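Residue-level listing of the chains:
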Amino acid sequence: MMQFLLLSAFLLGLLLLLGATYALQRFATVDKRGGKLGENGLTMQGFSYLLILLTVIYVLAVFYVLVQGTPWEGHLLEWLNIVVRLMHITFGIAWIGASFYFVFLENSLNRTDNVRDELAGNLWAVHGGGFYYLEKYKLAPKEIPRDLHWFKYEAYFTWLSGFSLLFVVYYFNAGSMLIDPQVLDLAPLAGVGIGVASFVVAWLIYDVLCKSALVTKGMWFALLGFLVIVAFAFFYCQVFSARAAYIHFGAMLGTLMVGNVFFTIIPAQKAMVKAATLGQPLDPTLGKNALTRSLHNNYFTLPVLFVMVSNHFPSTFGNSQPWLILAAISLGTAGVKHWLNLREKKQATVWVLPASVLFLLAVAFVSAPQRQASAGAAVCTPNVSIVQVNAIVQNRCVRCHSSNPTDDVFKSAPNGVKYDSPEDIIRLQDKIMQRVVVTKTMPQNNKTNMTQAERDLIRCWIEQGAPNK
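Undergrad: A description of the overall build of the chain should follow, citing residues and the corresponding values.
TA: Of regular secondary structure, the chain possesses 16 helices and 2 strands. Across the 469 residues in the chain, those meeting the buried criterion constitute 45%. Summed over all atoms, the accessible surface of the chain reaches about 25900 Å², with 67% contributed by carbon and sulfur.

Structure representation (structure tokens):
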């Protein structure tokens, strides 16, 4: 009976949301202004986008309630992961691509050669078999065009999809993916609360810094800002599992980026459009502040991109000091982005890029695992057999990594890695060495309580040539 009521509510709510979405889309098309300038808050198009998003969330939430506790729960979460991750990547490409492109335009403008008085610069470009000519106004044109494109939904939907993905992967399975009792034994709800609250705190700190006089002191602002994000990296690694700490660091930077768009860049653009439309004087500081925040976002992009792929590389988050590796890679990648920006301005120096690359290589070298003999490892038991290793793997690993997982979270083998037979173990011995022995990032958060003695026995077997006897 309860499932029938939920399904009925689901269908009714879905029809209402779809109807409202269609009506708003039609109104936005018929309306003479069409909400295209967007100077008066959320446009009709924006409302329709929001309703579409709410419809999707509503559908997924109802389906989750219907399948919770059934064999379909794991299947639904896996497909949620796929769909939301694909959305996040797609919107992220659009947002970061726009960020790269417009900073490139700003850096590459011709500002002196035959530039009209009302222009800040222009640029000729060729792409896709066509020539393009772009102009940037110092403030605004005399007449605002009706068809004015706003670059904001790329940012909003990147953050919304990323935040949804954070729930799907880490918060819905907080006990397994977010919390590591060996780091800090938290209740799942407390962990989720800390994660969400940290984004708000990070934004408040960053916004205060940006509104202070320090923002005009380029190098000092960058130094203090870097120390603040390092502090967050350290904090996350003291609270969450290493993988979750990295993702929260990226989500925190993403929150600063979308906060810049929502609270500073778009309001400044709306104010400038409104003033130009009404023939009022334009405040040049609005554009200056928006450009500053946009430039900050540009430097955040490469560290965020690294975090997005970091969970595939346990040699980073599996280090004994994961926060330090995270901070160092963020600094090195930001250095690479700085060189690219200087190059676009034709101010490239000979040392920024080599220094950044050498720094990143140094991080890889310093974080390399020590040789087991020099690290005080236990003396190897002679002639360790595949039978002994297989017993450990069957006891600690096949709960997830098998053709028929029994884990409460993973209903299919993560990354397709299966240890159903001794031959599978021998074939994947390099991966086992990296994840189980060196970085100790598997089992996930040591969920099955693998002991150090078991890890040492696996190491000895691999160092003895992984004999199949």
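The structure having been displayed, the exposition proceeds.
Undergrad: A description of the state of the cysteines should follow, citing residues and the corresponding values.
TA: Counted according to the given criterion, the structure contains 1 disulfide. A sulfur-sulfur separation of 2.2 Å characterises the disulfide bridge that pairs cysteine 380 with cysteine 460. Between cysteine 380 and cysteine 460, the S-S dihedral sits near -95°, and the bridge is therefore left-handed. Of this pair, cysteine 380 sits in the loop between helix H12 (352-366) and helix H13 (386-396) while cysteine 460 sits in helix H16 (residues 452-463); the two residues are 80 residues apart in sequence, bridging distant segments of the chain. Accessibility expressed as a relative area gives 27% for cysteine 380, which makes it partly exposed. Left without a disulfide partner, cysteine 397 is nearest to the cysteine sulfur of cysteine 400, which lies 8.9 Å away. The exposure class of cysteine 397 is buried, given its relative accessible area of 12%.

Undergrad: Tell me about the pairing of strand E1 (residues 119-127), and name the residues and values.
TA: Across 8 bridges, E1 lies against strand E2 (residues 130-137) in antiparallel orientation. Note on E2: the bridge partner recorded for histidine 127 is glycine 130. Taking the residues that link successive antiparallel strands as the turn, the E1-E2 hairpin has 2 residues, and the phi of glycine 128 there is positive, at about 60°.

Undergrad: So what's going on with the side chain of arginine 396? Which residues, and what values?
TA: Relative to the helices and strands, arginine 396 is located in helix H13. Aside from chain neighbours lying at most four places away, what touches arginine 396 is Pro443, Thr448, Asn449, Met450, Thr451 and Glu454.

Undergrad: Residues and numbers for a nonpolar patch on the surface, please.
TA: A contiguous nonpolar surface patch, about 540 Å² in accessible area, is contributed by Trp124, Val126, Phe131 and Tyr133. Every element with two or more residues in the nonpolar patch is listed here: E1 and E2. Mapped onto the secondary structure, valine 126 falls in strand E1.

Undergrad: Report on the confidence of the model for the chain, specifying residues and quantitative values.
TA: Averaged over every residue, the pLDDT of the chain is 85; residues scoring 70 or more account for 85%. Throughout residues 29-42 the model reports pLDDT below 50, and contacts reaching past four residues in sequence, or to other chains, amount to 28 contacts.

Undergrad: Could you give me a rundown of the packing of aromatic side chains, with the residues and numbers involved?
TA: With the rule as written, the count across this model stands at 22 aromatic pairs. Ring centres of tryptophan 159 and phenylalanine 163 lie 4.9 Å apart, and the angle between their planes is 10°; this geometry places the pair in the stacked category. Remark: phenylalanine 163 and tryptophan 159 occur in helix H4 (residues 153-171); sequence separation between them is 4 residues, near one turn of the helix. On the numbers, 6.2 Å between centres and 20° between planes, the contact of tyrosine 236 with phenylalanine 240 is stacked. Just as tyrosine 236 is buried, phenylalanine 240 falls in that class too. An aromatic cluster of three or more residues is present, and its members are Phe91, Tyr153, Tyr156, Phe157, Trp203, Tyr206, Phe262, Phe263 and Phe300.

What counts and what doesn't
- Residues numbered from 1 in each chain as written.
- Predicted model: local features only at pLDDT ≥ 70, side-chain atom pairs only at ≥ 80, totals over all residues.
- Heavy atoms only, no water.
- Helix = DSSP H or I, 4+ residues; strand = E, 2+ residues; numbered from the N terminus.
- Buried < 20%, exposed > 50% of the residue type's maximum accessible area, 1.4 Å probe, protein only.
- Areas by Shrake-Rupley, 256 points an atom, 1.4 Å probe, with all protein chains shown as cover.
- Disulfide = S-S within 2.5 Å.
- Pairing = 2+ DSSP bridges.
- Contact = heavy atoms within 4.5 Å.
- Patch = residues over 30% accessible without salt bridge, like charges linked within 9 Å, V, L, I, M, F, W, Y side chains within 5 Å.
- Salt bridge = Lys/Arg side-chain N within 4 Å of Asp/Glu carboxyl O.
- pLDDT = per-residue confidence, 0-100.
- Phe/Tyr/Trp six-rings, centres within 6.5 Å; stacked < 30°, edge-to-face > 60°.

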